[in-house]
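Chains, contacts and geometry: an overview
What follows is each chain in one-letter form.
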Amino acid sequence: IGDEYTTTCSGPVGLPNKVGTNSIRLFPNPGSMQIALSGLPADASIEVYDGVGRSLYTHHGDEDHITIRTGDWPRGTYFISINHPKEKRMLKWIKV
């Protein structure tokens, strides 16, 4: 107790932007009027949460590209949960 502890990370930190073999793309980020997601795997569920954890949008389908209208959402940070039977991902989106 009382000793100083430091650690160093080298290389990228975080998860690769992949679910299974599909590469997911989130754009624009930051953005204002909409969120576009492409490269979604079939049978994925998408849910968007605001900064305090409220669910604002839910989608389940087989589309590999969706657009979510966000024009009436306040500025802030949002979290996009992508759930697939093989893997789960959480992406961060900033509305300006």
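Residues numbered from 1 in each chain as written. Predicted model: local features only at pLDDT ≥ 70, side-chain atom pairs only at ≥ 80, totals over all residues. Heavy atoms only, no water.

**Section: the overall build of the protein**
On a plain count of helices and strands, the protein comes out with zero helices and nine strands. Secondary structure elements of the protein occur, N-terminal to C-terminal, as β-β-β-β-β-β-β-β-β. A buried classification covers 30% of the 96 residues belonging to the protein. The contacts of the protein with a sequence gap of at least 6 include a subset with a gap of at least 24, amounting to 52%. Summing over all exposed atoms, the protein offers an accessible surface of approximately 6600 Å²; the carbon and sulfur share of this is 52%. (Helix = DSSP H or I, 4+ residues; strand = E, 2+ residues; numbered from the N terminus. Buried < 20%, exposed > 50% of the residue type's maximum accessible area, 1.4 Å probe, protein only. Contact = heavy atoms within 4.5 Å. Areas by Shrake-Rupley, 256 points an atom, 1.4 Å probe, with all protein chains shown as cover.)

**Looking at the pattern of salt bridges**
The tally for this structure, following the rule as stated, stands at one salt bridge. Between Asp50 and Arg54 there is a salt bridge, with the nearest N and O atoms lying 2.7 Å from each other. The exposure class assigned to Arg54 is exposed, which follows from its relative accessible area of 53%. (Salt bridge = Lys/Arg side-chain N within 4 Å of Asp/Glu carboxyl O.)

**Focus: the nonpolar core**
Ile35, Leu37, Ile46, Ile80 and Ile82 are the most contacted members of the largest nonpolar core, which has 16 residues in total. Dropping the residues within four chain positions of it, Leu37 is found in contact with Ile24, Arg25, Leu26, Ile46, Asp64, His65, Ile66, Ile68, Ile80 and Leu91. (Core = buried A, V, L, I, M, F, W, Y, C linked by side-chain atoms within 4.5 Å.)

**Observations regarding the confidence of the model for the protein**
Here the protein averages 85 in pLDDT, and 77% of its residues register 70 or above. In this model, residues 11–21 is a region of pLDDT below 50 whose contacts with residues beyond four sequence positions or in other chains number 17 contacts. (pLDDT = per-residue confidence, 0-100.)

**Considering the side chain of Lys95**
Along the chain, Lys95 falls in strand β9 (residues 87–95). Asp72 provides the closest opposite charge to the buried, unpaired Lys95, separated from it by 6.3 Å. There is a polar contact of 3.3 Å between the side chain of Lys95 and the backbone oxygen of Gly71. Not counting residues within four places of it along the chain, the set of residues in contact with Lys95 comprises Gly31, Ser32, Thr70, Gly71, Asp72, Trp73, Pro74, Arg75, Gly76 and Tyr78. (Lys, Arg positive; Asp, Glu negative; His and termini not counted. Polar contact = N/O pair within 3.5 Å; in protein donor to acceptor, adjacent residues only side chain to side chain.)

**Description of the pairing of strand β5 (residues 44–49)**
Burial along β5 is one-sided: Ala44, Ile46 and Val48 are buried, while Ser45, Glu47 and Tyr49, pointing the other way, are not. Sheet topology note: the β5/strand β6 (residues 55–61) ladder contains six bridges and is antiparallel. Bridged to Ile46 within β6 is His59. Here β5 folds back onto β6, and the loop between the two strands holds five residues, one of which, Gly53, carries a positive phi near 95 degrees. Where β5 lies against strand β8 (residues 76–84), five bridges are found, and the strand directions are antiparallel. The residue bridging Ile46 from the neighbouring strand is Ile82, located in β8. (Pairing = 2+ DSSP bridges.)

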